[in-house]
Each structure stands twice: as C-alpha cells, then as structure tokens.
Amino acid sequence: MAPSLHPLVDNGITPGSSSFTGGKLYCRCDSDKVEITLNSNVAHNHACGCSKCWKPSGSLFSIVGVVPRDAVSVTANASKLSIVDKEATIQRNACKDCGVHLFGRIEKDHPFKGLDFVHVELSDEKGWQEPQFAGFVSSIIEQGSHPKEMDEVRAKFEAVGLQTYDVLSPALMDLISTFTAQKAGIRFANL
Ligand SMILES: N[C@@H](CCC(=O)N[C@@H](CS)C(=O)NCC(=O)O)C(=O)O
Ligand SMILES: [Zn+2]
Ligand SMILES: [Zn+2]
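The sections below set out a description of the structure shown in this document. (Residues numbered from 1 in each chain as written. Chains lettered and ligands numbered in written order. Predicted model: local features only at pLDDT ≥ 70, side-chain atom pairs only at ≥ 80, totals over all residues. Heavy atoms only, no water.)

What follows concerns the nonpolar core. One finds Ile36, Leu38 and Leu102 to be the most contacted residues of the largest nonpolar core, which totals 20 residues. Those elements that place two or more of their residues in this core are β2 (35-38) and β8 (101-106). Listed in part, the 13 residues of the second largest apolar core include Ala47, Phe61, Ala134 and Val153. (Core = buried A, V, L, I, M, F, W, Y, C linked by side-chain atoms within 4.5 Å. Buried < 20%, exposed > 50% of the residue type's maximum accessible area, 1.4 Å probe, protein only. Helix = DSSP H or I, 4+ residues; strand = E, 2+ residues; numbered from the N terminus.)

The following block contains the structure:
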C-alpha cells in the first residue's frame, strides 16, 4: 500500500475559504486539552517532511502554516505546554501529555520572526487555507523512507496539484535570501 503523506493530502486537497478568519486548535488529550485561539487564517500552509515538525502518526509529512504571533493566544491549559528544543530556530510548544505541537515561535533574528507555525488539523473548523506546496521532501529519507520511494511520494503530491521542493518554495526562499542580503547591507530599489 502506498504510504500516507498526510490525511489532508492523501485524498485530494479541499480548498479553504478566503473569508475565514481563524478558530481554535486543541491538543489530542482526552481531557484538559490545551486550547489555542487563532484570530487569523494561516498563510504559506504546506506539507513539511522535516524531522522536527509534528506529524500525525502514520503520516510521512506534517502540514504547517503561519499566522502573525499577535493572532495567537493560549486560551486553556497553558501549564501543559513545554518547548521541545529551546536551541531550535522554531521553538515548538508541545503538550507534555499527548506530544502534539500547538505552536512554534521564532525569538531570534530571522526572516520569519513574528510568525508562529501551526497545524490546522488540530482545529474542528473548516476554511483554513489549503496546503500550497510540499517542502523538505527529501528529508523523509533521514527518517527512514527508502530513497527508491521518492518518485512515488513526489508523484502523489503532484497528482493533487502540489509542487514539491527539497527546502521551501521559491517564494519563501526568495524572502529568506532577501533578508540575508539586506542584513549584509545590500539595498534593493523599490522593495
Ligand atoms: N533535514 C532536516 C531539515 C530540518 C529543517 O531545516 N527544517 C526546516 C523546516 S521546518 C526549518 O526551518 N527548521 C528550523 C527549526 O526546526 O527550528 C531534518 O529533517 O531535520
Ligand atoms: Zn495534550
Ligand atoms: Zn518542518
């Protein structure tokens, strides 16, 4: 049987709603769930194959998008949250009991500082932006996927209309490089 990429991808992509303005995320504990309120839809939602992003069990990929950090609040059971790796660029706040990552925050100087990383499958609401692309695809090999399965994995993404990349999409890589260039003193006209 072909491996599951992610439940939000395997059977085709459901488009989100441009008028959707946010909702709540919950961890997967049976009781005393951590609750996060997002006052925004996500942007740049995508599949990520890296080893650090939270994935549902049985899935090869995470689905992760960003929201302005001002749009994120912990509205219940904040005491259950703990940062997975304080040294990582993205400080992923996970539920200590069920392991789900509720939000990832960047505190250091970085092009994506000010944006929090979230997984919209933790919400019951419909309307979240649909995945736009698949990134860090080759990284699944580092977690045990066979190199010979990669053609099939990329073909499955392409069949549902998602482009695959081995880092991020060109638009996001351009943003990162623009930030790096500006930090080095390069000034671009009309930007
Ligand atoms: N091949 C590496 C890639 C890790 C990586 O660079 N992940 C990206 C996408 S989430 C990133 O921005 N990481 C920053 C971080 O995890 O803090 C892995 O799978 O662990
Ligand atoms: Zn939990
Ligand atoms: Zn990732």
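Let's pick the thread back up.
Here we come to a nonpolar patch on the surface. Side chains of Ile186, Phe188 and Leu191 sit close together on the surface and give an oily, nonpolar patch of about 330 Å² of accessible area. Tracing the backbone through its elements, the reader meets Phe188 in the segment after α3 (170-183). Judged by its relative accessible area of 39%, Phe188 falls in the partly exposed class. (Patch = residues over 30% accessible without salt bridge, like charges linked within 9 Å, V, L, I, M, F, W, Y side chains within 5 Å. Areas by Shrake-Rupley, 256 points an atom, 1.4 Å probe, with all protein chains shown as cover. Salt bridge = Lys/Arg side-chain N within 4 Å of Asp/Glu carboxyl O.)

Bringing the sheet that holds strand β5 (residues 72-76) into the picture now. Working definition: the strands of a sheet are paired by backbone hydrogen bonds and lie parallel or antiparallel to each other. Taken together, 3 strands build an open sheet; the order of strands is β1-β2-β5 and the sheet is antiparallel. Looking at the sheet topology across the chains shown, the edges are occupied by β1 (23-26) and β5. Across the sheet, the mean angle separating the axes of adjacent strands is 30° when strand polarity is ignored. Pairing analysis gives 4 bridges linking β2 to β5, with the strands arranged antiparallel. (Pairing = 2+ DSSP bridges. Axes fitted to C-alpha atoms, helices over the stretch in contact; angles between N-to-C directions.)

In this section: unusual backbone geometry. Residue Asn77 is not a glycine yet carries a positive backbone phi of 60°. Position of Asn77 relative to the elements: it lies in the loop between β5 and β6 (81-83). In this structure, Phe136 takes a positive phi of about 45° despite not being glycine. Locating Phe136 in the fold gives a position in the loop between β10 (133-135) and α2 (150-159). Taking the relative accessible area as the measure of exposure, Phe136 reaches 25% and is therefore partly exposed.

This brings us to the coordination of the zinc ion (ligand 3). Those donors, Cys48 (SG), Cys50 (SG) and Cys53 (SG), are the protein atoms that reach the zinc ion (ligand 3), and they lie 2.3 to 2.4 Å from it. In the primary sequence, the donor residues of the zinc ion (ligand 3) line up as C-x1-C-x2-C. (Donors = N, O, S within 2.8 Å, 3.2 Å for Na, K, Ca; no water.)

Now for the site of ligand 1. Neighbouring ligand 1 are the residues Cys48, Cys50, Ser51, Lys52, Cys53, Ala88, Thr89, Ile90, Arg92, Phe136, Ser139 and Glu142. Measuring from a nitrogen atom of ligand 1, one finds a side-chain N or O atom of Ser139 at 3.0 Å. Contact distances for ligand 1 include 2.9 Å between a nitrogen atom and a side-chain N or O atom of Glu142. Here ligand 1, which alone exposes 500 Å², has 76% of that area covered by the protein. For the shell around ligand 1, the per-class residue count stands at 6 nonpolar, 3 polar and 3 charged. (Near = heavy atom within 4 Å. Polar contact = N/O pair within 3.5 Å; in protein donor to acceptor, adjacent residues only side chain to side chain. Nonpolar A, V, L, I, M, F, W, Y, C, P; charged D, E, K, R; others polar.)

For Thr37, the location among the structural elements is in strand β2. Among the residues examined, Thr37 registers a relative accessible area of 14% and is labelled buried. A polar atom in the side chain of Thr37 sits 2.8 Å from the side chain of Thr75. Those residues in contact with Thr37 that lie beyond four places of it in its chain are Gly23, Lys24, Ala71, Val72, Ser73 and Thr75. (Contact = heavy atoms within 4.5 Å.)

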